[in-house]
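Residues per chain, in single letters:
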Amino acid sequence: MTDDAITYVDSVDGISSESLSGFFVGWSSPPSPVTHLKMLQRSSHVVLAMHKGRAVGFINAVSDNTLAAYIPLLEVLPDYQGRGIGSELVQRVLTLLEGMYMVDLVCDEDMIGFYERLGLKPARAMMRRNFAVQSGIEDGLSHDV
Ligand SMILES: CC(C)(COP(=O)(O)OP(=O)(O)OC[C@H]1O[C@@H](n2cnc3c(N)ncnc32)[C@H](O)[C@@H]1OP(=O)(O)O)[C@@H](O)C(=O)NCCC(=O)NCCS
């Protein structure tokens, strides 16, 4: 394998916040790389695409590890899009979640084709967003156990 190859990891062990820059493109109040790393550490499942020691794509899932999993975020850095990395991240997290009864995500209408190609089906979703905390809660919710 050459140094130039994209590699995939399913753990954040050894990943520094410095290697997580450039994500949350277009967000008005993005999480910092430190909060991003916390979010990945607190996720039940993660897959990162790495290139030259830097994360160039990520996907995470939160799950009860019993019945259900939710995929909150998928992003590939703009310079790396269109090379199959996003599809690979979805396939890899779905493999990690194999055996779960439900795997859900929410996406915009124009992304339906992308996810359908990866075996997911469209469904209706309900959601709530609190933009005051769009950048995340680095210390976690106070009632965390
Ligand atoms: C969506 C995203 C992760 C895809 O990553 P990627 O590495 O470019 O994906 P792939 O190379 O595997 O696949 C690219 C395909 O996705 C499609 N695609 C990417 N973004 C799209 C969008 N916003 N709307 C519709 N299709 C999109 C491309 O048209 C392409 O289709 P093609 O293969 O028919 O040409 C990436 O574009 C991204 O990070 N976007 C910003 C964040 C985002 O929208 N995340 C998804 C939230 S649900």
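Analysis parameters
Residues numbered from 1 in each chain as written. Predicted model: local features only at pLDDT ≥ 70, side-chain atom pairs only at ≥ 80, totals over all residues. Heavy atoms only, no water. Near = heavy atom within 4 Å. Polar contact = N/O pair within 3.5 Å; in protein donor to acceptor, adjacent residues only side chain to side chain. Helix = DSSP H or I, 4+ residues; strand = E, 2+ residues; numbered from the N terminus. Nonpolar A, V, L, I, M, F, W, Y, C, P; charged D, E, K, R; others polar. Buried < 20%, exposed > 50% of the residue type's maximum accessible area, 1.4 Å probe, protein only. Pairing = 2+ DSSP bridges. Expected span 1.5 Å × (residues − 1). Salt bridge = Lys/Arg side-chain N within 4 Å of Asp/Glu carboxyl O. Phe/Tyr/Trp six-rings, centres within 6.5 Å; stacked < 30°, edge-to-face > 60°.

Asker: Would you take a moment to explain the site of the ligand for this structure?
Answerer: Among the 17 residues in the neighbourhood of the ligand, the closest are listed as Gly82, Gly84, Gly86, Ser87 and Asp110. In this structure, an oxygen atom belonging to the ligand sits 3.4 Å away from a side-chain N or O atom of Gln81. Within the backbone of Asp110, a nitrogen or oxygen atom sits 3.3 Å from a nitrogen atom of the ligand. Taken together, the elements giving at least two residues each to the shell around the ligand come down to β4 (68-76), α2 (85-96) and α3 (112-117). Here the shell around the ligand is composed, by residue class, of 8 nonpolar, 5 polar and 4 charged.

Asker: Could you clarify how one ought to interpret the pairing of strand β2 (residues 45-51) in this entry?
Answerer: Taken residue by residue, a regular strand's side chains alternate between the two faces of the sheet. Taking burial as the measure, the 7 residues of β2 include 7 buried ones, the bulk of the element. Residues His45, Val47, Ala49 and His51 line one face of β2 and the alternating positions Val46, Leu48 and Met50 line the opposite face, and both faces are buried. By the bridge criterion, 3 bridges tie strand β1 (residues 7-9) to β2 in an arrangement that is antiparallel. Across the sheet, Val9 pairs through a bridge with Leu48, a residue of β2. Linking β2 back to strand β3 (residues 54-63) in an antiparallel pair, the connection comprises 2 residues, with Lys52 at a positive phi of about 50°.

Asker: Which parts of the structure should I look at to understand α2?
Answerer: Owing to its 3.6 residues per turn, the α-helix aligns residues three or four sequence positions apart on the same side. Compared with the 16 Å implied by 1.5 Å per residue over 12 residues, the 17 Å span of α2 between its first and last C-alpha is a close match. When we look at burial in α2, the residues that qualify are Ile85, Gly86, Leu89, Val90, Val93 and Leu94.

Asker: Explain the environment of Glu116 here, please?
Answerer: By the element assignment, Glu116 lies in helix α3. Linking Glu116 and Gly84, residues 32 residues apart in sequence, is a C-alpha distance of 15 Å.

Asker: Help me out: how do you make sense of the pattern of salt bridges in this one?
Answerer: Note on pairing: side chains with opposite charge can pair once their charged atoms come close. This model, assessed by the stated rule, comprises 2 salt bridges. Between Asp4 and Lys52 there is a salt bridge, and its shortest N-O distance comes to 3.4 Å. Of this pair, Asp4 sits in the segment before β1 while Lys52 is found in the loop between β2 and β3, placing the two residues 48 residues apart along the sequence. What makes Lys52 exposed here is its relative accessible area of 62%. Across the salt bridge formed by Arg92 and Glu88, the nearest N and O atoms sit 2.8 Å from each other. Of the two residues, Arg92 and Glu88 both sit in helix α2, 4 residues apart, roughly one turn of that helix.

Asker: Mind showing me how you'd approach the packing of aromatic side chains here?
Answerer: For any pair of aromatic rings, the description consists of the separation of the ring centres together with the inter-plane angle of the planes. This model, assessed by the stated rule, comprises 4 aromatic pairs. Both rings, one in Phe24 and one in Trp27, keep their centres 4.8 Å apart while their planes meet at 70°; by these two values the pair is edge-to-face. Looking at Trp27, the relative accessible area reads 31%, which means it is partly exposed. Judged by centre distance (6.1 Å) and plane angle (50°), the rings of Phe24 and Phe58 are tilted. Of this pair, Phe24 sits in the loop between β1 and α1 (33-42) while Phe58 sits in strand β3, and the two are 34 residues apart along the sequence. The class of Phe24 is buried, set by a relative accessible area of 4%. Chaining the aromatic ring pairs together yields one cluster made of Phe23, Phe24, Trp27 and Phe58.

Functional significance is not addressed by these values, which are geometric in nature.
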